[in-house]
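Here's the letter readout for the chains.
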Amino acid sequence: AQTVTQSQPEMSVQEAETVTLSCTYDTSESDYYLFWYKQPPSRQMILVIRQEAYKQQNATENRFSVNFQKAAKSFSLKISDSQLGDAAMYFCAYRRGSNYKLTFGKGTLLTVNP
Amino acid sequence: GAVVSQHPSRVICKSGTSVKIECRSLDFQATTMFWYRQFPKKSLMLMATSNEGSKATYEQGVEKDKFLINHASLTLSTLTVTSAHPEDSSFYICSALKRWGDSVNTGELFFGEGSRLTVL
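It should be emphasised that the depicted structure is a prediction, and the values quoted were computed from it without experimental measurement.

1. With respect to the pairing of strand 12 (residues 108–113) of chain A
Regular strands show a simple pattern: their side chains alternate between the two faces of the sheet. Residues and elements named next belong to chain A. Because side chains alternate across strand 12, one face comprises the buried residues Thr108, Leu110 and Val112, and the other comprises Leu109, Thr111 and Asn113, none of which is buried. The pairing of strand 2 (residues 10–14) with strand 12 spans five bridges and is parallel. Its bridge partner lying in strand 12, Val13 is registered against Val112. Summarising the sheet, strand 10 (residues 88–96) and strand 12 pair through three bridges and their orientation is antiparallel. The partner of Ala88 across the bridge, within strand 12, is Leu110.

2. Brief notes about the interface of chain A and chain B
Every contact between the two is made by 21 residues of chain A and, on the other side, 24 residues of chain B. For the pair chain A and chain B, the summed buried surface comes to about 1,800 Å²; carbon and sulfur atoms form 52% of the total. Among the residues of chain A in contact with chain B, Arg43, Tyr100 and Lys101 of chain A are the three that bury the most area, contributing 39% of the side total. The tally of links between chain A and chain B comes to one salt bridge. Put simply, Lys101 of chain A and Glu59 of chain B hold a salt bridge, and the shortest N to O gap is 2.9 Å. At the boundary of chain A with chain B, the tally comes to seven residue pairs in polar contact (both at pLDDT 80 or more). Looking at the side of chain A that touches chain B, the elements that each hand over two or more residues are strand 5 (32–39), strand 6 (46–52) and strand 10 of chain A. The biggest single contributor to the side of chain A that touches chain B is strand 5 of chain A, with three residues.

3. Some remarks on the state of the cysteines
As enumerated under the stated definition, the model contains two disulfides over all chains in all. There is a disulfide in this structure between Cys23 of chain A and Cys92 of chain A, and the S-S distance comes to 2.0 Å. With the S-S bond torsion at -70 degrees, the cross-link from Cys23 of chain A to Cys92 of chain A turns out left-handed. Separated by 69 residues along the polypeptide, Cys23 of chain A in the loop between strand 3 (19–21) and strand 4 (24–26) and Cys92 of chain A in strand 10 bring together distant segments of the chain. Among the residues examined, Cys92 of chain A registers a relative accessible area of 0% and is labelled buried. Between Cys13 of chain B, a free cysteine, and Cys94 of chain B, which holds the nearest cysteine sulfur, the sulfur-to-sulfur gap is 19 Å.

4. Focus on unusual backbone geometry
The linkage connecting His7 of chain B with the following residue, Pro8 of chain B, adopts the cis geometry, with an omega of 0 degrees. Located in the positive-phi region is Ala16 of chain A, a residue other than glycine, with phi close to 80 degrees. Tracing the chain through its elements places Ala16 of chain A in the loop between strand 2 and strand 3.

5. Some remarks on the side chain of Ser65 of chain A
For Ser65 of chain A, the position within the fold is in strand 8 (residues 64–69). Ignoring sequence-local partners within four residues, the contact set of Ser65 of chain A consists of Ile49, Ala59, Thr60, Ser76, Leu77 and Lys78 of chain A.

Criteria and cut-off values
Residues numbered from 1 in each chain as written. Chains lettered and ligands numbered in written order. Predicted model: local features only at pLDDT ≥ 70, side-chain atom pairs only at ≥ 80, totals over all residues. Heavy atoms only, no water. Buried < 20%, exposed > 50% of the residue type's maximum accessible area, 1.4 Å probe, protein only. Helix = DSSP H or I, 4+ residues; strand = E, 2+ residues; numbered from the N terminus. Pairing = 2+ DSSP bridges. Contact = heavy atoms within 4.5 Å. Buried area = accessible area lost by both parts, 1.4 Å probe. Salt bridge = Lys/Arg side-chain N within 4 Å of Asp/Glu carboxyl O. Polar contact = N/O pair within 3.5 Å; in protein donor to acceptor, adjacent residues only side chain to side chain. Disulfide = S-S within 2.5 Å.

Written as structure tokens, this is what we have:
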């Protein structure tokens, strides 16, 4: 079975600084996708960024970028120029290429200090 | 993007009663929806896959007679918690799959706002 591990229950960052959230996963599949979701206090899950396993290039979305290390099964999220609105719970998630069931990590609560 | 709406956002019920939660894809058709359960300060756990026009597929350990799922149309899936008990209190989240092609990988998931169930 696939597992997703987020080893940082909580993280904090100063506004305008950079923070990296860690995620590792375990799978025997070769075709899969990785995601970072943000869950603000409103509780609705918002997709931050996605990475296809077959792509070597790290995904980037504005201030959000990932460091995808396939051999190490590591998928960290870097948030640059942190903003107060980035404060939320961040979940790393995995799915196999053949279906859309998501396996989530336990989440990292990010606090942004003004 | 796409919009997925859940209703109600909050519901309080007495132990022993049944509660229905709706998940609607407002601007696209979704043949597949997923139901998750999230305990306080915990991760999301997949409960079941809801398929339009067929029976839902439940994850191991989820009681299908307890959590009834109906996906009667291309825009609506419902989760009914039957004979609810306090231990069923939780945050329930749905996601809907929006496809733009026939390939298994031509799609994206959109989440509803979640429904908080409190059973007294």
